[in-house]
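# Secondary and tertiary structure notes
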Amino acid sequence: MANNGDSIKITNSVSGNATILALGKAFPQQLVMQDYLVDGFFKSTNCTDHELKQKLTRLCKTTTVKTRYVVMSEEILKNYPELATEGLPTVKQRLDISNKAVTQMAIDASLSCVKVWGRPLSSITHLVYVSSSEARFPGGDLHLARGLGLKPDVCRIMLAFTGCSGGVAGLRVAKDLAENNPGSRVLLATSETTIVGFRPPSAQRPYDLVGVALFGDGAGAIILGADPVPGVEKPLFELTSAIQQYLPDTEKTIDGRLTEEGIKFQLGRELPQVIESHVEEFCKKMLKDTVCSGAEYNDLFWAVHPGGPAILSKVEGRLQLKPDKLSASRDALRDFGNASSNTIVYVLENLVEESKKKREKGEEDSEWGLILAFGPGITFEGILTRNLVC
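Report on the accompanying structure. Predicted, not measured: the structure shown is a model, and the values here were computed from it.

## A word on the pairing of strand S4 (residues 126-131)
- Within S4, 6 of the 6 residues are buried, leaving the element largely enclosed by the surrounding structure.
- Burial along S4 is two-sided: the residues His126, Val128 and Val130 and Leu127, Tyr129 and Ser131 are all buried.
- Crossover connection from S4 via helix H5 (residues 140-148) to parallel strand S5 (residues 155-160): handedness right-handed.

## Digging into the environment of serine 241
- With respect to the element layout, serine 241 can be found in strand S8 (residues 237-246).
- Since its relative accessible area comes to 26%, serine 241 is described here as partly exposed.
- Serine 241 has contacts with Lys175, Met286, Gly382, Ile383 and Leu384, leaving out every residue within four places of it along the chain.

## Some remarks on the nonpolar core
- Counting 51 residues, the largest nonpolar core has Leu56, Leu144 and Ile223 as its most contacted members.
- The biggest single contributor to this core is helix H4 (residues 91-117), with 11 residues.
- Beyond its immediate stretch of four places on either side in the chain, isoleucine 223 contacts Thr19, Ile20, Leu21, Ala22, Cys113, Val114, Trp117, Ile124, Val186 and Leu187.
- Counting residues in hydrophobic clusters, the runner-up holds 36 residues, among them Leu23, Ala178, Ala328 and Ala339.

## Some details on the environment of leucine 348
- The residue leucine 348 is located in helix H11 (residues 343-360) in this model.
- For the pair formed by leucine 348 and lysine 61, sequence separation is 287 residues and the distance between their alpha carbons is 25 Å.
- Filtering out sequence-adjacent residues up to four positions away, leucine 348 remains in contact with Ile20, Leu23, Leu171, Ile222, Phe237, Ala303 and Ile371.

## Observations concerning the environment of valine 65
- Residue position: valine 65 is located in the loop between helix H2 (50-62) and strand S3 (67-70).
- By relative accessible area, which is 2% here, valine 65 ends up buried.
- Setting aside its immediate chain neighbours within four residues, valine 65 contacts Gln34, Cys60, Ala213, Leu214, Leu333, Arg334 and Gly337.

The rules we used
Residues numbered from 1 in each chain as written. Predicted model: local features only at pLDDT ≥ 70, side-chain atom pairs only at ≥ 80, totals over all residues. Heavy atoms only, no water. Buried < 20%, exposed > 50% of the residue type's maximum accessible area, 1.4 Å probe, protein only. Helix = DSSP H or I, 4+ residues; strand = E, 2+ residues; numbered from the N terminus. Right-handed = clockwise from strand over helix to strand, strands pointing away. Contact = heavy atoms within 4.5 Å. Core = buried A, V, L, I, M, F, W, Y, C linked by side-chain atoms within 4.5 Å.

What follows is the structure, given as structure tokens:
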């Protein structure tokens, strides 16, 4: 995009806009080192297919992931050996494990976030819960509210099966709640596990190996509110505007089905190219008629959900971003894998740390930026954001 060469600086916060007041995260106990994943996965699933093992080895090297956390463990497989057996109806067992795990991780992430925030849980007025890893009545929003001990009149909403765009979708919903309910404080929690889709390798489903090489488990939490209390709350980001858009006739590119064997999930190979073809138009739409109209993309900071290295590379190339512009996303992918809706929280945490280091060194830091994610639909989520990190 062309501009007049001037960097964009706004010194006064816009009263009434939602701000991110604190961030938190949590993970299951099992840390997986990518270098050891292949042998462990084939051993735990009793698979001896050498060709599939070589394919997974190649995939693990291309994902750029180094470490991940997962709920799945030797103990779970010992108690539920049927999870590693092809063709057995195991959805009940998977959901029993997953429902409990995602609730606990969401509780842990939320408590971590509240601790950073510094105000009591009783100040939370609204709860937004995001997960594509559970299915039950009542939903995980109620289980999380009860687990945290939130007041019974806390207003709850749950976003289910929104996949990788769920974290930013949750931010959009939480932003609206914070801005339209004066004095409110909104807790957004995301929690995901791959255990509902865990299956033994199969030559009939080679695309399953992409998920094995890429996805991780965990939870994230964000507290939002408009008009931060001076001296009490320390806002990190101001959320100025948010939009959502789906691409017609792309609903099968990210395809997931809940079956008797768990979730069967498939990513189309064309996904990075589809995102590349539409991301610039979406960004232009976000920036139009805003304070950032006319900004060069490299004048902004970028919090992009790291769906995978190919997606990040396509976004970087289409927008002609400098290599360091997506470092927060690449670092999150390296350390945690693609943890679905949670990952944007980890990216934002990385951006906070980057900003603090730059300001300590007296280096210039981008004041405005975009939060982006891509999920089933294909759905694009975006938020124009101002960096308030001190």
